[in-house]
Amino acid sequence: MASLSQIIFVSIVLLIISTQCEAQLSPAFYDATCPRALKTIRTGIRNAVSRERRMAASLIRLHFHDCFVQGCDASILLDDSSSIDSEKNALPNFKSVRGFEVIDSVKSQLESVCPGVVSCADIVAVAARDASFAVGGPSWAVKLGRRDSTTASRSLAENLPSFTDGLDKLISTFATKGFTARDLVALSAQCAFFRDRIYSNQSDIDAGFASSRRRQCPASGGDSNLSPLDLVTPDSFDNNYFKNLVQKKGLLASDQVLFSGGSTDSIVDEYSKNRSKFKSDFAAAMIKMADISPLTGTAGQIRRVCNLVN
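It should be emphasised that the depicted structure is a prediction, and the values quoted were computed from it without experimental measurement.

A. How the structure looks around helix H5 (residues 120-134). The end-to-end C-alpha distance of H5, which contains 15 residues, comes to 20 Å, matching closely the 21 Å that a straight helix rising 1.5 Å per residue would cover. Counting buried residues along H5, 13 of its 15 residues qualify, which places the element largely inside the surrounding structure. Immediately downstream of H5, the backbone of Gly 136 shows phi near 90°, a positive value.

So this is what it looks like as structure tokens:
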């Protein structure tokens, strides 16, 4: 199981589109219409994480993958239908992104408290924040008032940045969406994704680390086997992920390029030594990400159930 900071980073390296959201979102959006909204979400997320600590990382990744495709609009939650080609079936999401049942459960509870008020998109955004805090990560103010999309885009979901991308491409991709190299590092699996790296015998991977990972990932077969990105604290939000990179123990190629003699080495080194700086930068990047192209006002809808358009 990957540690929160690790899965976060991997998914973040796999996501992000940025169009700045303006004033219609507010942390106080539901204060009058559904004053129990945030407490209801927080309780649901805490319960889910207490049952399975790995769920925290999964909920953060779910938020990333939602926002990247067509903005933070809960499009990733929609199932296949006559008019929807679900993003769940895109290769970067298929049998990988999870936590849908947690969001569905929270939505059901909210519908009993204040029906037709709280959007699925806002639930996903708040769930990511509450999941971070539940495992020792930072908290932050989540602006609210997003509405839910009536469409999804599997084709856009297929084009998430790749875990094999080099550093220059990652930086360029994030820069076009308004993110800095520091955002990229602050925000960054299955066996099929990292097999080539652990069998490559390249100089940018620790030999002992590669050997230990081969035990979970044979040269052929076992594509769905999971391996933690951080062997030390796999279910906690900390900076051991960055310490691993400094020691050439990054599992994915897109991890290790962050510390490979390039422009982000100094940021990785800083985070490896300063956990509080990593946490504050992560929170700032999450706030920025949650502002990606929200639907507000009369756009979209408030779904009654998160996996179906009304």
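B. Here's a closer look at the nonpolar core. Core analysis: the biggest nonpolar cluster contains 64 residues, and Ile 45, Leu 77, Ile 103, Phe 282 and Met 286 have the highest contact counts within it. At 9 residues, the largest contribution of residues to this core is made by H5. In contact with Leu 77, other than residues within four places in its own chain, are Leu 62, Lys 88, Phe 100, Ile 103, Cys 120, Val 124, Arg 303, Cys 306 and Asn 307. Core analysis: the next-biggest nonpolar cluster, separate from the first, contains 5 residues, Phe 68, Val 69, Ala 90 and Ala 157 among them.

C. Fine view of the state of the cysteines. Following the criterion strictly, the structure yields 3 disulfides and no others. Linked covalently through their sulfurs, Cys 34 and Cys 114 form a disulfide whose S-S length is 1.8 Å. Disulfide Cys 34-Cys 114: the torsion about the S-S bond is -45°, which places it as left-handed. Here Cys 34 is found in the loop between helix H1 (4-13) and helix H2 (37-51), whereas its partner Cys 114 is found in the loop between helix H4 (100-113) and H5, with 80 residues between them in sequence. We note that Cys 34, like Cys 114, is buried. The disulfide partner of Cys 67 is Cys 72, and the S-S distance across this bridge is 2.0 Å.

D. A look at the pattern of salt bridges. This model, assessed by the stated rule, comprises 14 salt bridges. The closest approach of N and O atoms between Arg 154 and Asp 85, which form a salt bridge, is 3.6 Å. Of this pair, Arg 154 sits in helix H6 (residues 154-157) while Asp 85 is found in the loop between helix H3 (55-70) and H4, placing the two residues 69 residues apart along the sequence. A residue is classified by how much of its surface remains accessible, and Arg 154, at 29% relative accessible area, is partly exposed. Accessibility expressed as a relative area gives 42% for Asp 85, which makes it partly exposed. With its nearest N and O atoms 2.8 Å apart, the salt bridge here joins Glu 270 to Arg 182. Given the relative accessible area of 28%, Glu 270 is considered partly exposed. Judged by its relative accessible area of 28%, Arg 182 is partly exposed.

Reading guide: rules and limits
- Residues numbered from 1 in each chain as written.
- Predicted model: local features only at pLDDT ≥ 70, side-chain atom pairs only at ≥ 80, totals over all residues.
- Heavy atoms only, no water.
- Helix = DSSP H or I, 4+ residues; strand = E, 2+ residues; numbered from the N terminus.
- Expected span 1.5 Å × (residues − 1).
- Buried < 20%, exposed > 50% of the residue type's maximum accessible area, 1.4 Å probe, protein only.
- Core = buried A, V, L, I, M, F, W, Y, C linked by side-chain atoms within 4.5 Å.
- Contact = heavy atoms within 4.5 Å.
- Disulfide = S-S within 2.5 Å.
- Salt bridge = Lys/Arg side-chain N within 4 Å of Asp/Glu carboxyl O.

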